[in-house]
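In case you want the letters, here they are:
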Amino acid sequence: MIQTLGISGLRLTRGERTLFRDLTLVIEAGEVLALTGANGSGKTSLLRAISGFLTPAAGDIVFHDADANVIDPGLARSHQLHHLGHLDALKGARTAREELMFQSDWLGHSGLDSASGITEAIETLGLKPLLDLEVRKLSAGQRRRLAMARLIGAPRALWLLDEPLSPLDSRWREAVGAIMQAHLASGGLIIAAVHDPLPIPTRSLDLGLVG
Ligand SMILES: Nc1ncnc2c1ncn2[C@@H]1O[C@H](COP(=O)(O)OP(=O)(O)OP(=O)(O)O)[C@@H](O)[C@H]1O
């Protein structure tokens, strides 16, 4: 399991533009890092680079386990992290229940295939009244809660969250704060791109200042 994420000398570019250079940081189990910065400063791009969707122009992204061994990056990315983008990546024509089953199949043996994982996610995220509704009929906040089911149902150490709270009302912001705290308490790591502060204590990194 990922215990530490180390980033060193990272430079990300989009087209001709350098978003930032020489970014170095370490995040350990039990820590949450809030990425802040103006629109376009590179928060989403950094999450995508950690996930392996964007190739850095320079630098390293390294995952370590509890024995300080390097974890194969492909393995870390496919089985040990969740990336929740700000677009929820849900299929509109499926019902919420079908979407949960799809997630279960897709995530395979990583946890959501167990009935208890789905049940816990439904319970914790208040999804029960939504199960028979098509995803396209859900509100933005309801969709976000459905997308978050995989975080609970399929345990993975590192959560990469892109504006996780933006569509949520104050009740669900608090609830998701509690879910995050439980994850950290169990040795998880979280990196979240945010415009508003998270409802839990965080370290933060302003990408607008990295340059
Ligand atoms: N596919 C792409 N091709 C070229 N440039 C892109 C692409 N995606 C993003 N960019 C550019 O990269 C820069 C950083 O975008 P990114 O989405 O990482 O910023 P952000 O900090 O997450 O912004 P926001 O706060 O608006 O979500 C922006 O200038 C954006 O236009």
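About the thresholds
Residues numbered from 1 in each chain as written. Predicted model: local features only at pLDDT ≥ 70, side-chain atom pairs only at ≥ 80, totals over all residues. Near = placed C-beta within 6 Å. Helix = DSSP H or I, 4+ residues; strand = E, 2+ residues; numbered from the N terminus. Nonpolar A, V, L, I, M, F, W, Y, C, P; charged D, E, K, R; others polar. Buried ≥ 20, exposed ≤ 12 C-beta atoms within 10 Å, placed from the backbone. Pairing = 2+ DSSP bridges. Right-handed = clockwise from strand over helix to strand, strands pointing away. Domains from an automatic or database assignment. Contact = placed C-beta atoms within 7 Å. Axes fitted to C-alpha atoms, helices over the stretch in contact; angles between N-to-C directions.

## A word on the site of the ligand
Around the ligand, the surrounding shell consists of Arg14, Gly15, Leu19, Gly37, Asn39, Gly40, Ser41, Gly42, Lys43, Thr44, Ser45 and Ala193. Tallying contributions element by element places helix H1 (residues 43-51) first for the shell around the ligand, with 3 residues. Classifying every residue of the shell around the ligand gives 2 nonpolar, 8 polar and 2 charged.

## Here's the deal with the environment of Leu146
Looking at the element boundaries, Leu146 is found in helix H5 (residues 140-147). Here the alpha-carbon distance between Leu146 and Val176, two residues 30 residues apart in the chain, equals 12 Å.

## A word on the pairing of strand S6 (residues 158-162)
Of all 5 residues in S6, 4 are buried, a share of seventy percent or more. Bridge count between strand S5 (residues 81-84) and S6: 4 bridges; the pairing is parallel. Looking across to S6, one finds that His83 is bridged to Leu160. With 5 bridges connecting them, S6 and strand S7 (residues 189-193) associate as parallel partners. Paired with Leu160 across the strands is Ile191, a residue of S7. You can see the chain leave S6, run along helix H7 (residues 170-185) and come back into S7, and the turn it takes is right-handed.

## Examining the domain arrangement of the protein
What the domain assignment reports for the protein is domain 1 (1-80 + 157-211) and domain 2 (91-153). A straight line from the C-alpha centre of domain 1 to that of domain 2 covers 23 Å. Facing the 8 residues of domain 1 at the interface are 9 residues of domain 2. When residues of the side of domain 1 that touches domain 2 are assigned to their parent elements, the largest contribution, 3 residues, is made by H7.

## Quick word on the environment of Asp162
One can find Asp162 in strand S6. With 32 residues separating them in the primary sequence, Asp162 and Val194 have C-alpha atoms 7.0 Å apart. Beyond its immediate stretch of four places on either side in the chain, Asp162 contacts Thr44, Leu47, Leu84, Gly85, His86 and Ala193.

## Considering the sheet that holds S5
Read across the open sheet, the 5 strands follow the order S5-S6-S7-S3-S8; overall the sheet is parallel. Either end of the sheet is taken by a strand with one partner, and the two such strands are S5 and strand S8 (203-206). Along the sheet, successive strands turn relative to each other by an average axial angle of 15°, direction set aside. Pairing of strand S3 (residues 32-36) with S8 involves 4 bridges; the strand directions are parallel. Its bridge partner lying in S8, Leu35 is registered against Leu205. Running at roughly 145° to S7, H7 makes contact with S3, S6 and S7 of the sheet.

## A short note on unusual backbone geometry
Unusually for a residue other than glycine, Asp22 sits at a positive phi of about 55°. By the element assignment, Asp22 lies in strand S2 (residues 17-28). Given 12 C-beta atoms within 10 Å, Asp22 falls into the exposed group. Of note, the phi angle at Ala68 is positive, near 65°, even though the residue is not glycine. Inspection of the secondary structure assignment puts Ala68 in the loop between strand S4 (58-64) and helix H2 (73-79).

## Details of H5
Most of H5 sits inside the fold, with 6 of its 8 residues counted as buried. For H5, every residue scored as buried is listed here: Gln142, Arg143, Arg144, Arg145, Leu146 and Ala147. Structurally, H5 contributes buried residues whose contacts are with S5, helix H3 (96-107), helix H6 (149-153) and H7.

## Regarding the sheet that holds strand S1 (residues 4-14)
Pairing between the strands of a sheet comes from backbone hydrogen bonds, and it takes one of two forms, parallel or antiparallel. Read across the sheet, 3 strands follow the order S2-S1-S4 without closing on themselves; strand pairing throughout is antiparallel. A single partner strand is all that each edge strand has here, and the edge strands are S2 and S4. Between one strand axis and the next, the sheet turns by 15° as a mean value, whatever way the strands run. Sheet topology places S1 next to S2; 8 bridges connect them, and they run antiparallel. Bridging across to S2, Thr4 finds its partner in Glu28. Sheet strands touched by H1: S1, S2 and S4. Its angle to S1, the strand with the most contacts, is close to 120°.

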